[in-house]
Amino acid sequence: MALQCSYLPDVLCNFPAISDVIIREARKNIDDGFRGMVRAYGTIIDAIVQPLQWFLNDLEWLFTNTPWVIVLLVMMGVVYFASRNIKIVIGTAISMILIGVFGLWNDTMITLAMVTVCTLIAIVIGLPLGILMARSDRLQSVINPTLDIMQTMPSFVYLIPVVVIFGIGKVPGLIAVVIYAVPPMIRLTNLGIRLVDKEVLEAADAFGSSHSQKLFNVQIPLALPTIMAGINQTIMMSLAMVVVASMVGVGGLGKNTLQAINNQFFTVGFLNGFALVAIAIIFDRTSQAYGKRLQKHSEVVHG
């Protein structure tokens, strides 16, 4: 290669890149401007995210300070109400009991609180955006590239701007998890509403339904299986991101898993991984069963 380059112009052998001096100067200006903005608006930023901090702290306190028997019974009740499947309820009970037996109950409750808050926020953000995308091809063409970037960006990269703006703590981790997990909710809500049979919509128009009536009485009920798939994906991605977010102060199972990786503790990592998988399966099976029940109900209503 060196021999070939000796006979060729330098521009053909070395890619014409921007000089290191220009890159350093640009990086310094961007970083200084970013930090200056954070210092100038830090009080406003803190005020905006404070309700998230309160909500997360209160839910975490509730989960960790409530007697485990009550938490287990409530979880089993919620799972049964949503799924009406005794097998899923028994699986939930066995999984949570095993988690408690191995001394991971408190950490699991912290992770459960984090995932619950992240999922709720992702639904609140993703559902309206998905509906708007389904109604506007132009908006879809604008949002889709952004979602592509969000889904292909390495998860560690999300932590950089979040930490610079919000510092170290639970809320920065929560925001990073939501950014990482919200794209499937937006995409699948959009897809589910777009897949609703046009003949059904024409029938709704023939009966004089307004846009809101068509949305809440026809489109969303018929799109529920796809929307539930989006919720499932959001939950799974939240659980995956919790481990990465533990680098910025998020506790629970993610913190234990990160410590196990750093210290090569195979058993600790395996047990915490098992707990994360158990929570993921409980959420997945319950939401899937709930979506199928709602789909059957909507088929009866519209059938």
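Treat the numbers as computed from the prediction; the structure is a model and nothing was measured. (Residues numbered from 1 in each chain as written. Predicted model: local features only at pLDDT ≥ 70, side-chain atom pairs only at ≥ 80, totals over all residues. Heavy atoms only, no water.)

### As for the overall build of the protein
Using the following cut-off: Strands are runs of DSSP state E lasting at least 2 residues, helices are runs of H or I lasting at least 4, and numbering of each runs from the N terminus. Three exposure classes are used, based on accessible area relative to the maximum for each residue type with a 1.4 Å probe and protein chains only: buried under 20%, partly exposed in between, and exposed over 50%. All accessible-area figures derive from a Shrake-Rupley calculation using a 1.4 Å probe, and residue coverage is judged against the displayed protein chains alone. Neither His nor the chain ends contribute to the count of charged residues, in which Lys and Arg are positive and Asp and Glu negative. Where a charge lies is defined by one atom per residue type: Lys uses NZ, Arg uses CZ, Asp uses CG and Glu uses CD.
Helix and strand counts for the protein stand at 13 helices and 0 strands. Here the C-alpha coordinates of the protein stretch approximately 75 × 55 × 50 Å along the principal axes. Counting the 303 residues in the protein, one finds 40% classified as buried. Carbon together with sulfur atoms contributes 67% to the accessible area of the protein, which is approximately 17,400 Å² in total. Across the protein, 19 positive and 17 negative side-chain charges occur, with their mean positions spaced 5 Å apart.

### Brief notes about the layout of surface pockets
Selection criterion: Here a cavity denotes a set of grid points, spaced 1 Å apart and computed over the protein atoms alone, in which a 1.4 Å probe fits but from which it cannot get out, and a pocket denotes an open set meeting protein on both sides within 12 Å along at least five of seven lines; residues with an atom within 4 Å of a point are reported as lining. Grid points are joined across faces, edges and corners, and a volume is the space filled by probe spheres set on the points. The classification used treats Ala, Val, Leu, Ile, Met, Phe, Trp, Tyr, Cys and Pro as nonpolar, Asp, Glu, Lys and Arg as charged, and all other residues, Gly among them, as polar.
The space that makes up the largest pocket amounts to roughly 790 Å³. Lining of the largest pocket is provided by 29 residues; of these, Val-78, Val-79, Thr-116, Phe-283 and Thr-286 occupy positions nearest its centre. Contributions of two or more residues to the lining of the largest pocket are made by helix 3 (20-65), helix 4 (68-83), helix 6 (105-135), helix 11 (211-245) and helix 13 (266-302). Residue composition of the lining of the largest pocket, by class: 23 nonpolar, 6 polar and no charged. Computed from the structure, the second largest pocket encloses a volume of approximately 270 Å³. Lining the second largest pocket are 13 residues, with Ala-134, Arg-135, Lys-198, Leu-201 and Gln-219 sitting closest to its centre. Those elements giving two or more residues to the lining of the second largest pocket turn out to be helix 6, helix 9 (170-194), helix 10 (198-206) and helix 11. For the lining of the second largest pocket, the per-class residue count stands at 4 nonpolar, 3 polar and 6 charged.

### As for the packing of helix 4 against helix 6
Applicable threshold: The axes used here are C-alpha line fits, helices contributing only the stretch in contact, and every angle between their N-to-C directions lies in the interval 0 to 180 degrees. Throughout this description, any angle smaller than 35 degrees is read as roughly parallel, any larger than 145 degrees as roughly antiparallel, any in the 65 to 115 degree range as roughly perpendicular, and the remainder as oblique. Rotating anticlockwise by less than a right angle from the far helix to the near helix defines a left-handed crossing, while the corresponding clockwise rotation defines a right-handed one. Any two residues whose heavy atoms approach within 4.5 Å at even a single point are treated as in contact.
Taken N-terminus to C-terminus, the directions of helix 4 and helix 6 make an angle of 45°; their axes are 12 Å apart at the nearest point. Put simply, helix 4 runs oblique to helix 6. Between helix 4 and helix 6 lies a crossing whose hand is left-handed. Listed contacts from helix 6 to Trp-68, Val-71, Leu-72 and Met-75 of helix 4 are Trp-105, Met-109 and Leu-112. Looking at side-chain class alone, the contact of helix 4 with helix 6 contains 7 nonpolar, no polar and no charged residues.

### Quick notes on the pattern of salt bridges
The criterion, for reference: Basic side-chain nitrogens of Lys or Arg form a salt bridge, by our definition, when they fall within 4 Å of a carboxyl oxygen of Asp or Glu.
The tally for this structure, following the rule as stated, stands at 6 salt bridges. For Lys-170, the salt bridge goes to Glu-60, with nearest N and O atoms at 2.7 Å. Here Lys-170, found in helix 9, pairs with Glu-60, found in helix 3; they are 110 residues apart in sequence, far enough to count as distant. A residue is classified by how much of its surface remains accessible, and Lys-170, at 24% relative accessible area, is partly exposed. Taking relative accessible area as the criterion, Glu-60 reaches 14% and is therefore assigned buried. One salt bridge in this structure joins Asp-205 and Lys-214, with 3.0 Å as the shortest N-O distance.

### Considering the nonpolar core
Defined as follows: Only buried residues count toward a nonpolar core. Its members are Ala, Val, Leu, Ile, Met, Phe, Trp, Tyr and Cys residues joined through side-chain atoms within 4.5 Å.
Judged by nonpolar contacts, the single largest core of 68 residues is most densely connected at Met-96, Met-109, Met-114, Leu-174, Leu-239 and Met-241. No other element matches helix 11, which puts 14 residues into this core. Among all residues touching Met-114, those that are not within four sequence positions of it are Leu-56, Lys-170, Leu-174, Val-242 and Val-250.

### A word on the side chain of Glu-60
Just so we agree on the cut-off: By the criterion applied in these results, polar contacts are pairs of N or O atoms within 3.5 Å in which, for protein atoms, one can donate a hydrogen and the other can accept it, and in which residues neighboring in sequence qualify only through two side-chain atoms.
Side chain to side chain, Glu-60 and Lys-170 meet in a polar contact 2.7 Å long. If sequence neighbours within four positions are ignored, Glu-60 has contacts with Ile-110, Ala-113 and Lys-170.

### Some words on the environment of Ala-204
By the element assignment, Ala-204 lies in helix 10. A relative accessible area of 7% places Ala-204 in the buried class. Apart from residues no more than four positions distant in its own chain, Ala-204 is found in contact with Ser-209, Lys-214 and Val-218.

### A look at unusual backbone geometry
In this model, Arg-84 sits at a positive phi of 55°, which is unusual for a non-glycine residue. Among the residues examined, Arg-84 registers a relative accessible area of 45% and is labelled partly exposed.

### Re the side chain of Thr-119
Looking at where Thr-119 falls in the secondary structure, it is placed in helix 6. In this structure Thr-119 touches Ile-231, Thr-234, Ile-235 and Ser-238, once residues within four positions along its chain are discounted.

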